[in-house]
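Residue-level structural notes
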Amino acid sequence: MFSPLLSELDPKQSQEGSIDPLGMYAMADALAVRLAPGIRERQSRPRFLSAMAVSFAVCSAFDDERVATDEVSEPWQVFEWYVVEGLIRVLGTSGRLSRVPGTDKATVAIRDGVPLSASRYLKTPRVFGFHGVYRTLARELGVETLDRLGETGYEILSVWAEEQGLQGFHDSTKGPGYQWRRSLVDAVEEGLAKGHTCRSAGWEGWRFLADHLAPDATGKKEGKVLVQALLRDGEGFRRPVIEYLVSPNGQEALSQTQPDDSLSEKAFHNGLRRAAGDALRYLLDTIQAYERFSRLLQDAFDDCLYEMSQNKRRLSPRDLGACKSVERASQRVPEQFEHLLEMLAPYGLGLRFQETFQDVSERQSSEVWAASLLEHHRRVQRGKPPNGKAPWFERFDDGTYLIRPAYTKDEPGLHKDEYVHYYRTGPLLSFAHDLGMVK
């Protein structure tokens, strides 16, 4: 019933751009941010917000400019190494660590008998480690404010310490938490000095981190604070989305899955729309209009790739323009483009949309439109950082195209009446399960 969860990535620089070949993601993401501020598709375990609150408490002992001897890793990064290593050492075979960033790297390091370090952890931890994945939400909720423990973070930390029997962890009280905080500060200090985790397999701190920060063991009072924080929604619609999601009607809408048994966000949004106020309803209508537009483009592009793959020869725009999906898109995309320009204007996204998709927006024959679609892909690839990416096919001087071997397709486009992109329903549903809001 969950939408597909994105796997942990550890990307390397490459001239191959295999993601978002038509440049459609940025607009979908901008709409999703307006729907559920702070939520990202990679998020799924809300207790990492508590782990971040603990991290800020521990790392407040260090100067702002402090980095490890590797000249890269900051105190929060060293603390993250300890947390992930502790979870793996204690819970690694329990099946309790699904959707925990960095576990693959930590498992390999422990197996090899080496400590976690910048070279043995994620290549881009600021993005793919748990601090990176949840930082946007932590700032949105006030867990973090200007790289310090925020008001909500202090509230989470206080309740966590009380519920875990760790009085003194977040203040000067001489309770059991005081000594554990001191122990963690010392571990981070030594980790900074040596550039890696510095505790033996028998260190009691591993068990402490697993017992008190396991992602599936949020305390009852701690969970209530997290729920209250998530329902505080200043500008977006996180609260009404969550409230509908956990309602009987919302659960019924979520039961309408796609053929592959994954969550149908379109069905969920259709139900949410009926319960929404005017502003949320308009946003949902805009999302659905953009997804209809995206589906036309995606299916036409996929079918062009499929035709190139099956024919195994150079194809002309006339060959590709004969695809039914290309004919359909050439007729419908220009009309939907004009409609979307108006719908996106209130969000300040009209100009970005126009600049991104202008080259497929004109009314023209399917043959000419097919060439425009493929040139759109080439332009998108050229614009990808840092220095552009290679297109998925070669273009020849006579105007024909030949697919590159890495991008051949065995099947045509999906041609299904579902969204191309995700809009945070999966992460919010996972949050609701972890926090006991739904069964």
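Residues numbered from 1 in each chain as written. Predicted model: local features only at pLDDT ≥ 70, side-chain atom pairs only at ≥ 80, totals over all residues. Heavy atoms only, no water.

Quick look at the overall build of the chain
- Along the backbone of the chain there are 19 helices and four strands.
- Computed over the C-alpha atoms, the radius of gyration of the chain is 25 Å, within 12% of the 22 Å expected from 2.2 N^0.38 for a compact globule of 439 residues.
- Taking the principal axes of its C-alpha atoms as reference, the chain extends roughly 75 × 50 × 35 Å.
- Burial statistics for the chain: of 439 residues in total, 54% are counted as buried.
- Across the chain, every contact between residues at least 6 apart in sequence was considered, and the portion connecting residues at least 24 apart equals 74%. (Helix = DSSP H or I, 4+ residues; strand = E, 2+ residues; numbered from the N terminus. Rg over C-alpha atoms; globule rule 2.2 N^0.38 Å. Buried < 20%, exposed > 50% of the residue type's maximum accessible area, 1.4 Å probe, protein only. Contact = heavy atoms within 4.5 Å.)

Considering helix 8 (residues 176-194)
- Taking 1.5 Å of rise per residue, 19 residues should cover 27 Å, and helix 8 covers 28 Å from first to last C-alpha, within 8% of that figure.
- Within the sequence span of helix 8, burial applies to Gly177, Leu184, Val185, Ala187, Val188, Gly191 and Leu192. Taken around the axis of helix 8, the buried residues stretch over an arc of 160°, which confines them to a single face.
- As for helix 8, its buried residues are in contact with helix 2 (47-59), helix 3 (75-91) and helix 9 (204-213).
- The positive-phi residue at the C-terminal boundary of helix 8 is Gly195, with phi of around 80°. (Expected span 1.5 Å × (residues − 1). Arc of directions from axis to C-beta.)

Side note on the packing of aromatic side chains
- Following the criterion strictly, the structure yields 19 aromatic pairs and no others.
- Ring geometry for Trp203 against Trp206: centres 4.9 Å apart, planes inclined by 85°, an arrangement best described as edge-to-face. Each member of the pair, Trp203 as well as Trp206, carries the same accessibility label: buried.
- A connected cluster of aromatic rings, assembled from ring pairs, spans Tyr290, Phe293, Phe337, Phe353 and Phe357.
- Lying over the aromatic face of Phe396, Arg314 brings its terminal NZ or CZ to 4.0 Å of the ring centre. (Phe/Tyr/Trp six-rings, centres within 6.5 Å; stacked < 30°, edge-to-face > 60°. Lys NZ or Arg CZ within 6 Å of the ring centre and 35° of its normal.)

Description of the pattern of salt bridges
- Scanning the model with the defined rule gives 31 salt bridges in all.
- One salt bridge connects Asp278 with Arg281, and the closest N-O pair in it is separated by 2.9 Å. Of the two residues, Asp278 and Arg281 are both situated in helix 14 (residues 278-311); the distance of three residues between them amounts to about one turn of the helix.
- When its relative accessible area of 24% is taken as the criterion, Arg281 is described as partly exposed.
- In this structure, the salt-bridge partner of Glu367 is Arg318, at a minimum N-O distance of 3.6 Å. With Glu367 in helix 18 (residues 366-382) and Arg318 in helix 15 (residues 317-321), the pair connects residues that are 49 residues apart, well separated along the chain.
- Looking at Glu367, the relative accessible area reads 32%, which means it is partly exposed.
- With relative accessibility at 60%, the residue Arg318 sits in the exposed group.
- Three or more residues joined by partner-sharing salt bridges are found here, namely Arg135, Arg139, Glu144 and Asp147. (Salt bridge = Lys/Arg side-chain N within 4 Å of Asp/Glu carboxyl O.)

Thoughts on the side chain of Asp303
- Assignment of secondary structure puts Asp303 in helix 14.
- One polar contact links Asp303 to Ser325, side chain to side chain, over a distance of 2.6 Å.
- Not counting residues up to four positions away in its chain, the partners in contact with Asp303 are Cys323, Ser325, Pro412, Gly413 and His415. (Polar contact = N/O pair within 3.5 Å; in protein donor to acceptor, adjacent residues only side chain to side chain.)

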